[in-house]
Amino acid sequence: MGFLDVLLGRSKPVKPDLDRLFALPTAAVTLEAATGFTPTGLGSVCFRAVEGGAFARLQRDIQELLDADEGPEVELSTDAYGYTWLLARHDPGDLSGLVTDLHAVNATLESNGFGPHLLCSLIGFRGPGDEDDRRLALVYLYKRGTFFPFAPLPGRAQARDNALELQVRGAVGADLPIEPDLSRWFPVWGAPGL
């Protein structure tokens, strides 16, 4: 960082650290103990697809890599904002395997020069006991290298459970680097895996 950057208040952006994803299984244990939320076995990666044969081949290669384990096929979808979502499914008890798959997708896109197109990754959780309709996601912001909780309220269109999100932040804050700027806790309405 140069002298003018310091004077003008500019800072270098945080470099993404994909290995932080591997802290999710530990955070999931803490989350279950504190709130009763358990993994659903669903996780997804969100990125902006680009035109061209190279990216299409890379996307196909990623899908084949994840489908090679003879588990459920990976699903691709596009949301209303034009972002592509890659949904991976695992047994809810195999959170480590799911995190490994999500890490592989992110790392493959990054190593092939498409890192700037990555937006986020998320892992889905469901509420305790009779509250199966309560959902929660721990969202990894690729460009910030941080996590935040997202909890939509069941039965209400585009309403969030802010109290639960803050409770989750307190519960897993020692396990995961939580995004300190709450304005960056953007909603991921209808995200695959949530």
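Residues numbered from 1 in each chain as written. Predicted model: local features only at pLDDT ≥ 70, side-chain atom pairs only at ≥ 80, totals over all residues. Heavy atoms only, no water.

## Side note on the pattern of salt bridges
Opposite charge on two side chains lets them pair, provided their charged atoms get close.
Then, number 1: Overall, the coordinates contain six salt bridges when judged by the stated rule.
Then, number 2: Arg-134 is paired through a salt bridge with Asp-161; the nearest N and O atoms lie 3.2 Å apart. Here the residue Arg-134 occupies a position in the loop between strand 4 (118–126) and strand 5 (135–141), and Asp-161 occupies one in the loop between strand 6 (146–150) and helix 5 (162–172), the gap between them amounting to 27 residues.
Then, number 3: For Glu-179, the salt bridge goes to Arg-144, with nearest N and O atoms at 2.8 Å. Here Arg-144 lies in the loop between strand 5 and strand 6 and Glu-179 lies in the segment after helix 5, a separation of 35 residues in the sequence.
Then, number 4: Using a relative accessible area of 29% as the deciding quantity, one classes Arg-144 as partly exposed. (Salt bridge = Lys/Arg side-chain N within 4 Å of Asp/Glu carboxyl O. Helix = DSSP H or I, 4+ residues; strand = E, 2+ residues; numbered from the N terminus. Buried < 20%, exposed > 50% of the residue type's maximum accessible area, 1.4 Å probe, protein only.)

## Concerning the pairing of strand 1 (residues 38–47)
Then, number 1: Among the 10 residues in strand 1, eight count as buried, and that is most of the element.
Then, number 2: As paired elements, strand 1 and strand 4 share seven bridges and run antiparallel to each other. Bridge assignment links Gly-43 to a residue of strand 4, and that residue is Ile-123.
Then, number 3: Here strand 1 pairs with strand 3 (residues 84–89) via six bridges, running antiparallel. Its bridge partner lying in strand 3, Gly-43 is registered against Ala-88. (Pairing = 2+ DSSP bridges.)

## Overview of the packing of helix 2 (residues 24–35) against helix 5
Then, number 1: Remark: helix 2 packs on helix 5, axes separated minimally by 9 Å, with the N-to-C direction vectors making an angle of 125 degrees. What the angle tells us is that helix 2 and helix 5 run oblique. Crossing geometry of helix 2 relative to helix 5 is assigned as right-handed. In this structure, helix 2 contributes Ala-27, Thr-30, Leu-31, Ala-34 and Thr-35 to the contact, and helix 5 contributes Gln-167, Val-168, Ala-171 and Val-172.
Then, number 2: In the contact of helix 2 with helix 5, the residues fall into six nonpolar, three polar and no charged. (Axes fitted to C-alpha atoms, helices over the stretch in contact; angles between N-to-C directions. Parallel < 35°, antiparallel > 145°, perpendicular 65-115°, else oblique. Left-handed = near helix turned anticlockwise from the far one by under 90°. Contact = heavy atoms within 4.5 Å. Nonpolar A, V, L, I, M, F, W, Y, C, P; charged D, E, K, R; others polar.)

## Things to note about the sheet that holds strand 1
Then, number 1: Spatial strand order, 2-3-1-4-5-6: six strands in an open sheet with antiparallel pairing. Of all strands in the sheet, those with a lone pairing partner are strand 2 (75–78) and strand 6, marking the two edges. The average undirected angle you get between the axes of adjacent strands in this sheet is 25 degrees.
Then, number 2: Sheet strands touched by helix 5: strand 5 and strand 6. Its angle to strand 6, the strand with the most contacts, is close to 140 degrees.

## Details of unusual backbone geometry
As a rule of thumb, non-glycine residues mostly have phi less than zero, and peptide bonds are mostly trans rather than cis.
Then, number 1: The residue Gln-158 is not glycine, and still its phi comes out positive at about 50 degrees.
Then, number 2: Mapped onto the secondary structure, Gln-158 falls in the loop between strand 6 and helix 5.
Then, number 3: Judged by relative accessible area, which is 58%, Gln-158 ranks as exposed.

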